[in-house]
Amino acid sequence: MTSISDLFKVQIDFERSHLLFPTMIEWLLAAMALAIVVTHGPKWLAQLRGASIGARIKAWEVDKRRLFGCLALTPVYFAAMEPVGSIYPNTGVGFLITSYAYGFALSWLFVRDNDRRKTLLMALNALITPTIVWFLFAHVFRITLP
Amino acid sequence: MDAIFSSLDVTYFLLVSLGTIIGILFGAIPGMTATMAVAVCLPMTYALDLNHGLALLLGLYVGGISGGLVPAILINIPGTPSSITTTFDGYPMTKNGEPEKALKIGIASSLFGGLFSAAVLFYFAPTLADWAIKFSYVEKFLIILFALTVIASLCKSMLVGIFSGVLGIWVSLFGVYDMSKGGNGELRIIPEFMSTYLENGFSLLPLLIGLFGLSVIFDEAQKGVRDEPADNVKLTSGRRFQWSVFMGQFANLIRSSSIGTFVGMLPGVGGSAASVLAYSQTKNFSKDPGKFGTGHPAGVIASESSNNGLTGGALIPLLSLGIPGDSTTAVLIGAFTLQGIQVGPLFIGENRATWDIMMIGLVAANLIMFGVMYFAIRHIAKVITVPKYLLYPGIMMMCVVGAYAINSGIMFDVWTLFIFGLFGFLGTKLGLEIAPFIIGFILGPSAEVYFVKSLESFGTLTIFFTKSPIAVFLWVLIAISVGYSIYSTRKAKSHERHAGNGEAFAK
Amino acid sequence: MAAELIFNLSKETSKMKKIAVGLCFAVSTIAAGISDQAIAADSPLPSNVRVVIGSTSTGGDTYQVSAIVADALAQKLRINAKVDAVGPTAAFQAIAKSDDGSTIMLFHDQSYVGHLYGVRGFSDIFKEYKIGPTVAINPGDSFLVPTKSPYKTVDDLIQAAGHDKRIRVAIQPGGTSALGYTALKNAVSVRFPGKEGNVVAVNTGSQADKNQLLFDGNADVINGSVQANEQYTRLPADDQKAMRFVWITARKQTLEQANPEGLGQTSREQLLAFATPAASVTLDGTKDWAFDKEFFLIYNKDMKPEVVAALDKALAEIYAEGTIQATLKKSFFIPNFMPSAEAEKYLKEKNDETKKLIDKIR
């Protein structure tokens, strides 16, 4: 009988215990990936043969200007925040100034059929929203902002 | 008794109200949580005496947990991790023109969950705490395993869903094996040069709002940010809210609130597991599980009553063991120690007056939360009428504030937003399922610690089955959950076959 | 939400007045924010100071001490001081970027003990950073056994280990709580050479996990604190949660400075019975090992000398006034101010002694 319970005995080496669980999960992940390929693979292949990749991407209807504009603006916004903020450290001014610019730029990018009224709206929104957010969180609640 | 009444002055109730309102604000902003609300307001309580300080903090706690339902229902972004499941049926209701109804259902369920858990706390705290300490590493691991199995009942395609969940667990293990949880502090999965940023892995909150918030904005950008013509966005084009919606939901309310209270009571299991468990159990018990995910009120009821059930539950170990049940109550400990009050197994007996005052505060906070939100709802719901080109920049800024603030000012957390915004945007195109991924990510670290520590302590795999009757019972639950998921998928498949072709990749 | 407000406002363009009011509000708040800069121009310290701490918990002792000290500094220097619980790695990164005093760090002995244990993310603070003044001590670090345990004192534990009983000690690895374990092991090796292997660590995390190990019978003794565990020691013996102190690691002269009421229902007198020399864990056969968990400031290596001097001076004045002592003691901290030069020398010595102990037991 001892042999059966011995089968389930495990000795954990603390120095290496950080690898145990990740390794198990990686094997499980690989097994799941394989299972997906086996069950769905043939269907995918058939679909791939049915239409060229280019045609598939076209079917997604990508609005290039808005999508890539947004994907470019956002990292610039994030990257600028801390350098701008270091002018007046620990005041949240970095967040405030970059948010003015980003807020307006993103609205400008997203808006359709722009007119004077909408431009005014966007400018006001880009000015007031960050200011309220900044005032409330950086000043009233004293949350650290860049 | 005198001590109680001398503290229960007008200021006391004003502070509860103030706390509740600020809490709702924090909860409603994507990326801001109840924990953050309590943490930033903690210094304000230095100037107050203990009872008044607690009034403010309890209000913040209840308000913060409740506020999360607002963005979850209106814009499909969970305000807090525990309102993820609220988006499943809450947002579809908004799309069906019933945002006001969904919000009111959510608020009423929150009130029920809050009051239910307060009652449990008041009557059973010490007894339940003695029972909770019977849950050792082994039982806690099984609870988490149980919560993980519910992924199967939440996903569209079983294989892909489970894959997404396992991927979430894997991503949650990035960085070091956390020493503060008993790990050995060694780095794994990620290469050494990335350890400056990823030493502690990705933070949950930025990851969550990246996946739910930013990816939605990217997706809209891809589609060209078209606003529906104003006539389509009617606040009450669907059916109006009526209390009769709760008819036949009593079992659901009790079950979900109990799950919330119970999960809150177990330190280290993580509050977000509560709403996931409650939602999937409600779905499994339901006569027509097919309705879930399409705007079924029962889904909102389950999710919201369970996450407010957490509040009373998490206070049980805090007040009867001195151990916080979740991250928010961990901050509350600070309020006690700053006032020179010890929390521990003798707290309730030695501080009878404070205990009674806390209970009154908790009940008051729930009632005030209901009052404030119920009558403010008409105005809050108008958010969806704001054109997207004005709304999205605002959401983006809030997400940044939340992400930057979650670990008290770390820029990498803001980049996490972007990374997972992109990941969510591209991942869903490839068929990846976001909800299982995030559930895996949330539960992954605890699953690891409790699994490895169980083996370290007991040295055998059989311990998972033989540790205690509780362990055996949990295995039965796990077996039922897995069995039911397989059964219902089979049933759905045969339906599909009748209907025609399926879709998995061609999304 | 502001966007909604603006949108609704703009529907009636005649209400330009309100928009103008909004604009004025916006401009004035920014002006208010910037003008904060100018007020404290006479002090070398920036008017907005961020105090980062080596703990991510806002409910723990580091946050508490930091809040008390930051508050006192803010009032004294008329600046804004904000405590941010960012954790050790991020805190060191933050002060590495700030040499003007706009970001300073407050942490305890873990900052160098982590390096001595070879924990990731901890470098030699005496080389890489500048040591600031010490501010307080938490004398609460302690070890506990179940009330029903056959071991009544720390000496029982050492004796048992010396006589081939396995003693399992629950600790959080690599931290100040691991030091007590190392010292216990060292004491066994001094008194019963070769038997130190009988003292084994059960590596775990939070206080909840340590308590749980004791309740489950998976540890014989746990690391804890007077603050978190005092109530457990007063439970009736038949309660499964009941515990007993066996050892408090603080120095006797430190514990003696606590308020006579002690903590909860346990008086200072009772607590002293668990500290050296009453509870003896020997270092080398003649001297007892004791360790104070000290909190101190850590600066950027190239911090401006005038800022260092200004902080020393401000803290010296604060401690001379004497109100901070009462605040600290109320929360069971022992005030302990040492200006930066003195603190650096003192902590360096403490570091070297601790290094000897850790290297010996490794």
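Residues numbered from 1 in each chain as written. Chains lettered and ligands numbered in written order. Predicted model: local features only at pLDDT ≥ 70, side-chain atom pairs only at ≥ 80, totals over all residues. Heavy atoms only, no water.

Before going further, it helps to examine the overall build of chain C. Helix and strand counts for chain C come out as 15 helices and 11 strands. Across the 362 residues that make up chain C, the buried fraction comes to 59%. Within chain C, residue pairs in contact and separated by at least 24 positions form 77% of the contacts whose partners lie at least 6 positions apart. In the structure as shown, chain C presents an accessible area of about 14300 Å², 53% of it carried by carbon and sulfur atoms. (Helix = DSSP H or I, 4+ residues; strand = E, 2+ residues; numbered from the N terminus. Buried < 20%, exposed > 50% of the residue type's maximum accessible area, 1.4 Å probe, protein only. Contact = heavy atoms within 4.5 Å. Areas by Shrake-Rupley, 256 points an atom, 1.4 Å probe, with all protein chains shown as cover.)

Our focus in this paragraph is the overall build of chain A. When its secondary structure is counted, chain A shows 6 helices and 0 strands. The helix and strand sequence of chain A, counted from the amino end, reads α-α-α-α-α-α. Going through the 146 residues of chain A one by one, you find that 40% of them count as buried. In chain A, the proportion of contacts linking residues at least 24 apart, taken out of those at least 6 apart, comes to 56%. Entry remark: accessible area of chain A is about 8100 Å², with carbon and sulfur atoms responsible for 69%.

A word on the domain arrangement of chain C. Residue and element names in this part refer to chain C. Considered domain by domain, chain C is made up of domain 1 (48-138 + 293-361) and domain 2 (141-272). On a C-alpha basis, the centres of domain 1 and domain 2 stand 27 Å from each other. With 21 residues of domain 1 in contact, the opposing surface of domain 2 contributes 21 residues. Contact between domain 1 and domain 2 buries roughly 1700 Å² in total, counting both sides, with carbon and sulfur atoms accounting for 64%. The three residues of domain 1 that bury the most area against domain 2 are Y117, F332 and I361, which together make up 37% of that side's buried surface. On the surface where domain 1 and domain 2 come into contact, there are 0 salt bridges. (Domains from an automatic or database assignment. Buried area = accessible area lost by both parts, 1.4 Å probe. Salt bridge = Lys/Arg side-chain N within 4 Å of Asp/Glu carboxyl O.)

Residue and element names in this part refer to chain C. The strand order β2-β1-β3-β10-β4-β11 describes an open sheet built from 6 strands, whose pairing is mixed. If you trace the sheet from one side to the other, it starts and ends with β2 (80-85) and β11 (334-338), each paired once. Direction aside, neighbouring strands of the sheet carry axes that sit 25° apart on average. Pairing of strand β3 (residues 103-108) with strand β10 (residues 293-300) involves 4 bridges; the strand directions are antiparallel. The residue bridging M105 from the neighbouring strand is I298, located in β10. Along the sheet face, helix α4 (residues 88-96) touches β1 (48-53), β3, β4 (129-138) and β10 and points at about 145° away from the line of β3. (Pairing = 2+ DSSP bridges. Axes fitted to C-alpha atoms, helices over the stretch in contact; angles between N-to-C directions.)

With that out of the way, let us pick up the sheet that holds strand β5 (residues 141-146) of chain C. All names here are of chain C. If you trace the 5 strands from one edge of the open sheet to the other, you get β7-β6-β8-β5-β9, paired in mixed fashion. Two strands bound the open sheet, and with one partner strand each, they are β7 (199-203) and β9 (243-248). If you compare each strand with its neighbour and ignore which way they point, the axes differ by 35° on average. Where strand β6 (residues 167-171) and β7 come together, 5 bridges link them in parallel fashion. Its bridge partner being in β7, A170 is matched across the sheet by V202.

Another aspect to go through is the side chain of B:S286. Along the chain, B:S286 turns up in the loop between α14 (272-285) and α15 (297-321). At 3.1 Å, the side chain of B:S286 forms a polar contact with the backbone nitrogen of B:D288. (Polar contact = N/O pair within 3.5 Å; in protein donor to acceptor, adjacent residues only side chain to side chain.)

In this section: a nonpolar patch on the surface. A contiguous nonpolar surface patch, about 280 Å² in accessible area, is contributed by A:L7, A:F8 and B:L461. Note that A:L7 resides in helix α1 (residues 2-7). (Patch = residues over 30% accessible without salt bridge, like charges linked within 9 Å, V, L, I, M, F, W, Y side chains within 5 Å.)

Once that is clear, we can look at helix α6 (residues 116-140) of chain A. All names here are of chain A. Counted at 1.5 Å a residue, the expected span for α6 with its 25 residues is 36 Å, and the 35 Å between its end C-alpha atoms agrees. Among the residues of α6, the N-terminal cap falls to D115, whose side-chain oxygen and the backbone nitrogen of R117 are separated by 3.2 Å. Of the residues trailing α6, R142 is marked for its positive phi of about 55°. (Expected span 1.5 Å × (residues − 1).)

On to the confidence of the model for chain C, then. All names here are of chain C. Scored by pLDDT, chain C comes out at a mean of 88, with 88% of its residues at no less than 70. Scored below 50 in pLDDT, residues 8-41 makes 30 contacts in the model with residues more than four places away or belonging to other chains. Both scores are given for the predicted complex: the pTM is 0.88, the ipTM 0.91. (pLDDT = per-residue confidence, 0-100.)

Attention now goes to the pairing of β11(C). Residue and element names in this part refer to chain C. Counting buried residues in β11 gives 4 out of 5 residues, a clear majority hidden from the surface. In this structure, β4 lies alongside β11, joined through 3 bridges in antiparallel fashion. Residue pairing across strands places I137 opposite I334, the latter belonging to β11.

Here we take up the interface of chain B and chain A. How big an interface is tends to be stated in terms of the accessible area lost upon association of its parts. Listed by partner, the interface residues are 71 residues for chain B and 67 residues for chain A. Summing both partners gives a buried area of about 5900 Å² for chain B against chain A, and 80% of it is carried by carbon and sulfur. Counting the contacts that link chain B with chain A gives 0 salt bridges. Across the contact surface, chain B and chain A share 11 residue pairs in polar contact (both at pLDDT 80 or more). Going through the elements one at a time, α2 (10-28), α3 (34-41), α10 (158-172), β2 (187-188), α12 (204-223), α19 (388-406), α20 (411-429) and α21 (434-458) of chain B are the ones with two or more residues in the side of chain B that touches chain A. When residues of the side of chain B that touches chain A are assigned to their parent elements, the largest contribution, 12 residues, is made by α19(B). For the side of chain B that touches chain A, a count of residues per class yields 51 nonpolar, 11 polar and 9 charged. (Nonpolar A, V, L, I, M, F, W, Y, C, P; charged D, E, K, R; others polar.)

Moving on: the environment of B:S275. Positionally, B:S275 belongs in helix α14. Apart from the residues lying within four places of it in its own chain, the contact partners of B:S275 are B:S82, B:T85, B:S303 and B:S306.

This next bit is on the pattern of salt bridges. In a structure, side chains of opposite charge can pair up when their charged atoms sit close to one another. Going through the model one piece at a time under the given rule, you end up with 36 salt bridges over all chains. For A:R112, the salt bridge goes to A:D63, with nearest N and O atoms at 3.4 Å. Taken together, the residues A:R112 in the loop between α5 (93-110) and α6 and A:D63 in the loop between α3 (53-59) and α4 (64-85) connect sequence positions 49 residues apart. For B:D130, the salt bridge goes to C:K241, with nearest N and O atoms at 2.5 Å. Of this pair, B:D130 sits in helix α7 (residues 99-132) while C:K241 sits in the loop between α10 (226-229) and β9, each in a different chain. You can call B:D130 partly exposed: its relative accessible area is 27%. Taking the relative accessible area as the measure of exposure, C:K241 reaches 5% and is therefore buried. One network of salt bridges, with partners in common, ties together C:K76, C:K313, C:E317 and C:E321.

What follows is about the state of the cysteines. The final tally for this structure, using the stated rule, is 0 disulfides over all chains. The cysteine B:C399 is free of any disulfide, with A:C70 supplying the nearest cysteine sulfur at 12 Å. (Disulfide = S-S within 2.5 Å.)

Turning next to the packing of aromatic side chains. Summed over all chains, the structure comprises 54 aromatic pairs over all chains. A ring pair is formed by A:F137 and A:F141, whose centres lie 6.0 Å apart and whose planes are at 35°; its orientation type is tilted. Neither residue differs from the other here; A:F137 and A:F141 are each classed as buried. Each ring, one from C:F92 and one from C:F122, has its centre 6.2 Å from the other, and the planes form 80°; the classification is edge-to-face. Here C:F122 lies in the loop between α5 (110-116) and α6 (125-128) and C:F92 lies in helix α4, a separation of 30 residues in the sequence. One exposure class covers both C:F92 and C:F122, and it is buried. (Phe/Tyr/Trp six-rings, centres within 6.5 Å; stacked < 30°, edge-to-face > 60°.)

So, on to the pairing of β6(C). Residue and element names in this part refer to chain C. Burial within β6 is extensive, with 4 of its 5 residues counted as buried. For the crossover that starts at β6, traverses helix α8 (residues 176-191) and ends in the parallel β7, the hand is right-handed. Where β6 lies against strand β8 (residues 221-225), 2 bridges are found, and the strand directions are parallel. Paired with V169 across the two strands is V221, which belongs to β8. (Right-handed = clockwise from strand over helix to strand, strands pointing away.)

Ranked by size, the top nonpolar core spans 272 residues in total, and within it A:F95, A:F110, B:F26 and B:F336 carry the most contacts. Built from parts of two domains, this core gets at least three residues from each of domain 1 (48-138 + 293-361) and domain 2 (141-272) of chain C. If we skip the residues at most four places from it in the chain, A:F95 touches A:Y77, A:M81, A:P130, A:V133, A:W134, A:L145, A:P146, B:M397, B:V400 and B:V401. Core analysis: the next-biggest nonpolar cluster, separate from the first, contains 51 residues, C:Y129, C:Y151, C:V281 and C:F296 among them. (Core = buried A, V, L, I, M, F, W, Y, C linked by side-chain atoms within 4.5 Å.)

For the rest of this paragraph, the subject is the side chain of C:S98. Residues and elements named next belong to chain C. Considering the arrangement of structural elements, one finds S98 in the loop between α4 and β3. What makes S98 buried here is its relative accessible area of 6%. A polar contact of 3.3 Å, which involves the side chain of S98, links it to the side chain of D100. If near-sequence neighbours (up to four positions away) are discounted, S98 is found in contact with T103 and N300.

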